[in-house]
Amino acid sequence: MSFTQSAEFSCQPPSLLNSLREISAPIDWLSTVARLPSLMRAPKGDGRPVLLAPGYLADEYSMWPLKQFLQRINYDVYDWGLGRNLGNVDKDIVRLGNEVIDIHTRGKQPITLIGWSLGGVVAREVTRLFPEAVAEVITLGTPITGGPKYTAVANQYAKAKNLDLDSFEQHVLERNLIGFEQPVTSIFSKTDGVVGWKASVDVYNKQARNICVKGSHLGLGINPQVWKIIADTLAGK
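Cut-offs used in this document
- Residues numbered from 1 in each chain as written.
- Predicted model: local features only at pLDDT ≥ 70, side-chain atom pairs only at ≥ 80, totals over all residues.
- Heavy atoms only, no water.
- Helix = DSSP H or I, 4+ residues; strand = E, 2+ residues; numbered from the N terminus.
- Contact = heavy atoms within 4.5 Å.
- Expected span 1.5 Å × (residues − 1).
- 1 Å grid on protein atoms, 1.4 Å probe; cavity = no way out; pocket = protein on both sides within 12 Å on 5 of 7 lines; lining within 4 Å.
- Points joined across faces, edges and corners; volume = space filled by probe spheres on them.
- Nonpolar A, V, L, I, M, F, W, Y, C, P; charged D, E, K, R; others polar.

(A) Here's a closer look at the environment of Leu234. If you trace the backbone, Leu234 turns up in helix α9 (residues 224–234). Separated by 22 residues in the primary sequence, Leu234 and Cys212 have C-alpha atoms spaced 17 Å apart. With sequence-adjacent residues up to four places away left out, Leu234 is seen in contact with Arg48, Val50, Leu70, Tyr75, Thr112, Glu136 and Ile138.

Okay, here's the thing in structure tokens:
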């Protein structure tokens, strides 16, 4: 999808109905358990490093099931090592960037970054700033356009971080217009109740793959469709 900000693709926060549907997240988790046998037949990895970055107010444990899955199909998986994601994006970019450089230096291989929601924002910026250390980036329900503006927590986040949402949206646009050379995959759901789904579509990078799945925002990291897409993406499919 090429870059466009036309009226028919204007971003909006998630609807109240979609936000209420977030209570269905446990269904995503249970469906993953039911599909584990088929998921374990996913393409085996080559041992390359993969790093997982959690969403806003979540920590490494939120991505533990995905970590276990990726380890079982032969990837060298790292937590982001920063504890709970408190939305300190600028600091987290620097801290995660240093961790990525360290892993890259020790293993001599560029890293795949997988970020859930706000974790994907951090992952994308690390990719932009440290391109030699990152092989590709995969995001799950990440607010790519507008920063927090098109999320269900926009006002609370803006108040907590003392942000003007409109000004920050312009800053985010300027950053997004600095594209990537690496492969980029954005996984999103049209029933996302936390991030307006159009804001999760990467319209800035011509090589970006935007893949729609069924499910809730809170279930994206434990969603069998998402796991299959990640496994196929890592295998080059």
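From this point on, the discussion continues.
(B) Main features of helix α5 (residues 89–107). Taking 1.5 Å as the rise per residue, α5 with 19 residues should run 27 Å; its terminal C-alpha atoms sit 26 Å apart, in good agreement. Check the buried side of α5 and you find it contacts β1 (49–53), β2 (76–79), β3 (111–116), α6 (118–129), β4 (134–140) and α7 (154–161). Immediately beyond the C-terminal end of α5, within one or two residues, lies Lys108, with a positive phi of roughly 65 degrees.

(C) The arrangement of the environment of Asn18 in detail. Along the polypeptide, Asn18 turns up in helix α1 (residues 16–20). Separated by 134 residues in sequence, Asn18 and Ala152 place their C-alpha atoms 10 Å apart. Discounting chain neighbours no more than four positions away, the residues touching Asn18 are Lys190, Thr191, Asp192 and Gly193.

(D) Focus on the layout of surface pockets. By volume, the largest pocket is sized at about 840 Å³. Contributing to the lining of the largest pocket are 37 residues, with Val89, Leu118, Val121, Pro143 and Tyr157 lying nearest its centre. Secondary-structure elements contributing two or more residues to the lining of the largest pocket are α5, α6, α7 and α8 (165–176). Tallied by class, residues from the lining of the largest pocket come to 19 nonpolar, 11 polar and 7 charged. Considered as a void within the structure, the second largest pocket measures approximately 170 Å³ in volume. As for the second largest pocket, its lining consists of Trp29, Thr32, Val33, Leu36, Met40, Trp64, Pro65, Gln68, Phe69, Arg72, Ile222 and Trp227.

So, to be careful, I would describe these as geometric facts and stop short of saying anything about function.
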